[in-house]
Amino acid sequence: MLRAPRLAAAVTELGRELVKAEIRRAQQQARTGDLDPVSIVDVVTAALPTAAVTLTRVLNASGVLLHTNLGRAPLSGAAVRALAEAAGTNDVELDLATGRRGRRGRGALDALRAAVPTAGDVHVVNNGAAALALAVTALGGPGRTVVIARGEMVEIGDGFRLPELLESTGTRLREVGTTNRVTAEDYARAIDESTAFVLKVHPSNFVVSGFTSSVPPADLRDLGVPLVVDIGSGLLTPHPALPDEPDMTTTLAAGADLVTSSGDKLLGGPQAGVLAGDAELVHRLRRHPLARALRVDKLTLAALEATLRGPRPPVVVGLEADPVALLARAERIAGRLHEAGVDARAVRSVAAVGGGGAPGVELPSAAVSLPESFADALRAGRPAVLGRVTEGRCLLDLRALPPGDDDELAALVLRVGALA
Ligand SMILES: *Cc1c(COP(=O)(O)O)cnc(C)c1O
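Quantities reported herein were computed from a predicted structural model and do not represent experimental measurements. (Residues numbered from 1 in each chain as written. Predicted model: local features only at pLDDT ≥ 70, side-chain atom pairs only at ≥ 80, totals over all residues. Heavy atoms only, no water.)

Comments concerning the overall build of the protein
Here is step 1: A count of helices and strands for the protein gives 16 helices and 17 strands.
Here is step 2: Referenced to the eigenvectors of the C-alpha coordinate spread, the extents of the protein come out at roughly 80 × 55 × 45 Å.
Here is step 3: Sorting the 420 residues of the protein into buried and exposed places 46% on the buried side.
Here is step 4: Accessible surface computed for the protein: about 20400 Å², of which carbon and sulfur atoms make up 53%.
Here is step 5: Within the protein, the 48 negative side-chain charges are centred at a point lying 6 Å from the centre of the 45 positive side-chain charges. (Helix = DSSP H or I, 4+ residues; strand = E, 2+ residues; numbered from the N terminus. Buried < 20%, exposed > 50% of the residue type's maximum accessible area, 1.4 Å probe, protein only. Areas by Shrake-Rupley, 256 points an atom, 1.4 Å probe, with all protein chains shown as cover. Lys, Arg positive; Asp, Glu negative; His and termini not counted. Charge placed at Lys NZ, Arg CZ, Asp CG, Glu CD.)

This is how it looks when you write it as structure tokens:
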């Protein structure tokens, strides 16, 4: 059976074991009389997956630019090509000129250094949490304390709490201020000989408003201990659309000694954790034994470098999209669907950056509005489409969807419409 031409082709794509399992299943059905043996190849071919991976592509029509459940930042075409090229063997840690061992990931690190001109040095680890874990482990540890404001004891999501991560390294937390307010004096009073550093954490997924105050990095620079700032999102330089979102370059210039962030939020790259700051501190982190356990692979380095050097990544394109152009796209898609008999219309909507940054920021957007029943059916399709349900309608928001996916989106809606 494995040598039947159609199944042999499947073996090349999916591997022998996967195909064999489906053949066995069909043969068993034939033995029990539930299947005509001449149909085995047809049945197996129909039952086989199209790829040896169960991750399913999802078109992000949710209106959330950075959707954690959808894998956060989608990569740019340049980053995808770099990733595919890097999947083979390459000179990630070899100097081709001398034939000796080379500085691992130098291309990505050089690009990062160039993108954050105020950084003495930079380092990359697996994710934002790993960046923080490395900083706390290398600079703190048992018997040492980290000073942090009560209002910055953040849960990132899925029950994952930064204070617990910090304490898991044996470092004690010295909380200062109250939930809503903290002053520079609160920090100054808490510092003693056990203080490893002062930590500021950007509240990246909530806002506190009303009678509040927090202390900017510039007012914490002269406390006699290092200032570490977790900015969360990974903006490298200020972005005009997000005036309240901290960025690496400015935060370092304001006096932070070390800044940590994610690579797959507003930076728009692969999952990674970025550390930038004082050259001596970064060197200490890089030489710490834990750094080896948090090391990124050649795929991450390739995608990160292409994100930094290459064209704007999709997250930034989505962030900077013109609402007028978004509405024109929605009208075009809705027009086509309407002609085909689907109850579709273009509407204005409001999109969000997402849990990855800029909480509370509303991005004017546009969507294709469909009957509510489309939401479940589109999510069940392959590829799947994730919209959002508002006031009894299924909205397909275009802010997070690359314009190149519009035709495919329309086709997927038409397919669901035809079944309805
Ligand atoms: C997202 C986030 C993290 C965690 O980063 P990951 O890349 O998800 O590990 C840490 N701190 C802040 C402030 C964040 O927003």
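Here's the deal with the packing of helix α14 (residues 323-339) against helix α16 (residues 406-419)
To characterise two packed helices, one gives the angle between the axes of the helices and the distance between these axes.
Here is step 1: Where α14 contacts α16, the axes come no closer than 10 Å and their chain directions differ by 30 degrees. The way α14 lies across α16 gives a crossing that is right-handed. Seen from α14, the contacting residues are Arg329, Arg332, Ile333, Arg336 and Leu337; seen from α16, they are Asp406, Asp407, Leu409, Ala410, Val413 and Leu414.
Here is step 2: Looking at the contact of α14 with α16 residue by residue, the class counts come to six nonpolar, no polar and five charged. (Axes fitted to C-alpha atoms, helices over the stretch in contact; angles between N-to-C directions. Left-handed = near helix turned anticlockwise from the far one by under 90°. Contact = heavy atoms within 4.5 Å. Nonpolar A, V, L, I, M, F, W, Y, C, P; charged D, E, K, R; others polar.)

Comments concerning unusual backbone geometry
Negative phi values dominate among residues other than glycine, just as trans dominates among peptide bonds.
Here is step 1: Arg382 connects to Pro383 through a cis peptide bond whose omega is -5 degrees.
Here is step 2: With respect to the helices and strands, the residue Pro383 is situated in the loop between α15 (374-380) and β15 (384-386).
Here is step 3: In this structure, Arg72 takes a positive phi of about 55 degrees despite not being glycine.
Here is step 4: Inspection of the secondary structure assignment puts Arg72 in the loop between β1 (58-60) and α4 (77-86).
Here is step 5: Non-glycine residue Glu391 carries a positive phi angle of around 45 degrees.
Here is step 6: Along the chain, Glu391 turns up in the loop between β16 (388-390) and β17 (393-397).
Here is step 7: A relative accessible area of 78% places Glu391 in the exposed class.

Quick word on the UniProt feature "domain: L-seryl-tRNA selenium transferase N-terminal" (unreviewed entry) in the protein
Here is step 1: Here the UniProt-annotated "domain: L-seryl-tRNA selenium transferase N-terminal" (unreviewed entry) positions come out as residues 1-31.
Here is step 2: Along residues 1-31, the helical share is 84% and the strand share 0%, with 15 Å between the first and last C-alpha atoms. (UniProt positions renumbered as here; feature names shortened; annotations may be inferred.)

Some words on the site of the ligand
Here is step 1: As a structural note, the neighbourhood of the ligand is formed by 13 residues, with Arg72, Ser204, Asp230, Ser262 and Lys265 the closest of them.
Here is step 2: With respect to the ligand, the side chain of Arg72 contributes an N or O atom lying 2.7 Å from an oxygen atom.
Here is step 3: A distance of 2.8 Å separates an oxygen atom of the ligand from a polar backbone atom of Ala129.
Here is step 4: A total of 380 Å² of accessible area belongs to the ligand in isolation, and the protein chains cover 94% of it.
Here is step 5: For the shell around the ligand, the per-class residue count stands at four nonpolar, six polar and three charged. (Near = heavy atom within 4 Å. Polar contact = N/O pair within 3.5 Å; in protein donor to acceptor, adjacent residues only side chain to side chain.)

Notes on the packing of aromatic side chains
We describe a pair of aromatic rings using the distance from one ring centre to the other and the angle between the two ring planes.
Here is step 1: For the structure shown, the criterion picks out zero aromatic pairs.
Here is step 2: The ring of Phe211 carries Arg181 above its face, with NZ or CZ at 3.9 Å from the centroid. (Phe/Tyr/Trp six-rings, centres within 6.5 Å; stacked < 30°, edge-to-face > 60°. Lys NZ or Arg CZ within 6 Å of the ring centre and 35° of its normal.)

Let's talk about the environment of Leu370
Here is step 1: Along the polypeptide, Leu370 turns up in strand β14 (residues 363-371).
Here is step 2: On the basis of relative accessibility, which here comes to 0%, the residue Leu370 falls in the buried class.
Here is step 3: When the C-alpha atoms of Leu370 and Asp343 are compared, they prove to be 6.1 Å apart, with 27 residues separating the residues in sequence.
Here is step 4: With residues near it in sequence (within four places) discarded, Leu370 still touches Leu337, Val342, Asp343, Ala344, Leu378, Arg393, Cys394, Leu396 and Val413.

Things to note about the UniProt feature "modified residue: N6-(pyridoxal phosphate)lysine" (unreviewed entry) in the protein
Here is step 1: Following the UniProt record, one finds the feature "modified residue: N6-(pyridoxal phosphate)lysine" (unreviewed entry) at Lys265.
Here is step 2: Position of Lys265 among the secondary structure elements: in the loop between β11 (258-262) and β12 (273-277).
Here is step 3: The exposure class assigned to Lys265 is buried, which follows from its relative accessible area of 5%.
Here is step 4: When near neighbours in sequence (up to four residues on either side) are disregarded, Lys265 contacts Leu66, Arg72, Ala73, Gly232, Ser233, Val315 and Gly356.

Overview of helix α2 (residues 16-31)
Counting along an α-helix, one turn takes 3.6 residues, and residues three or four places apart therefore face a common direction.
Here is step 1: The end-to-end C-alpha distance of α2 is 22 Å, a good match for the 22 Å that 16 residues give at a rise of 1.5 Å each.
Here is step 2: Burial in α2 covers these residues: Val19, Glu22, Ile23, Ala26 and Ala30. Axial view of α2: buried residues confined to an arc of 100 degrees, hence all on one face. In α2, the exposed positions angled more than 90 degrees off the buried face are occupied by Glu17, Arg24, Arg25 and Arg31. (Expected span 1.5 Å × (residues − 1). Arc of directions from axis to C-beta.)

Quick word on the sheet that holds β14
Here is step 1: Read from one edge of the open sheet, four strands run β13-β14-β17-β16, paired in antiparallel fashion. Taken across any chain shown, the strands that pair with only one partner, and hence form the sheet edges, are β13 (345-351) and β16. Neighbour-to-neighbour, the strand axes of the sheet open up by a mean angle of 45 degrees, direction not taken into account.
Here is step 2: Sheet strands touched by α14: β13 and β14. Its angle to β14, the strand with the most contacts, is close to 10 degrees. (Pairing = 2+ DSSP bridges.)

Concerning the nonpolar core
Here is step 1: Tyr187 and Met248 are the most contacted members of the largest nonpolar core, which has 34 residues in total.
Here is step 2: For this core, the secondary structure elements donating two or more residues are α5 (106-115), β4 (121-125), β5 (145-149), α8 (184-190), β10 (227-232), α9 (248-253), β12 and α12 (298-309).
Here is step 3: No other element matches α5, which puts four residues into this core.
Here is step 4: Ignoring anything within four residues of it in the chain, the contact list for Met248 reads Val116, Thr118, Ile231, Leu235, Leu236, Val259, Thr260, Ser261, Val274 and Ala276. (Core = buried A, V, L, I, M, F, W, Y, C linked by side-chain atoms within 4.5 Å.)

As for the environment of Ala253
Here is step 1: Mapped onto the elements, Ala253 comes out in helix α9.
Here is step 2: Expressed as a C-alpha distance, the spacing of Ala253 and Asn60, which sit 193 residues apart in the sequence, is 36 Å.
Here is step 3: In this structure Ala253 touches Thr118 and Arg221, once residues within four positions along its chain are discounted.

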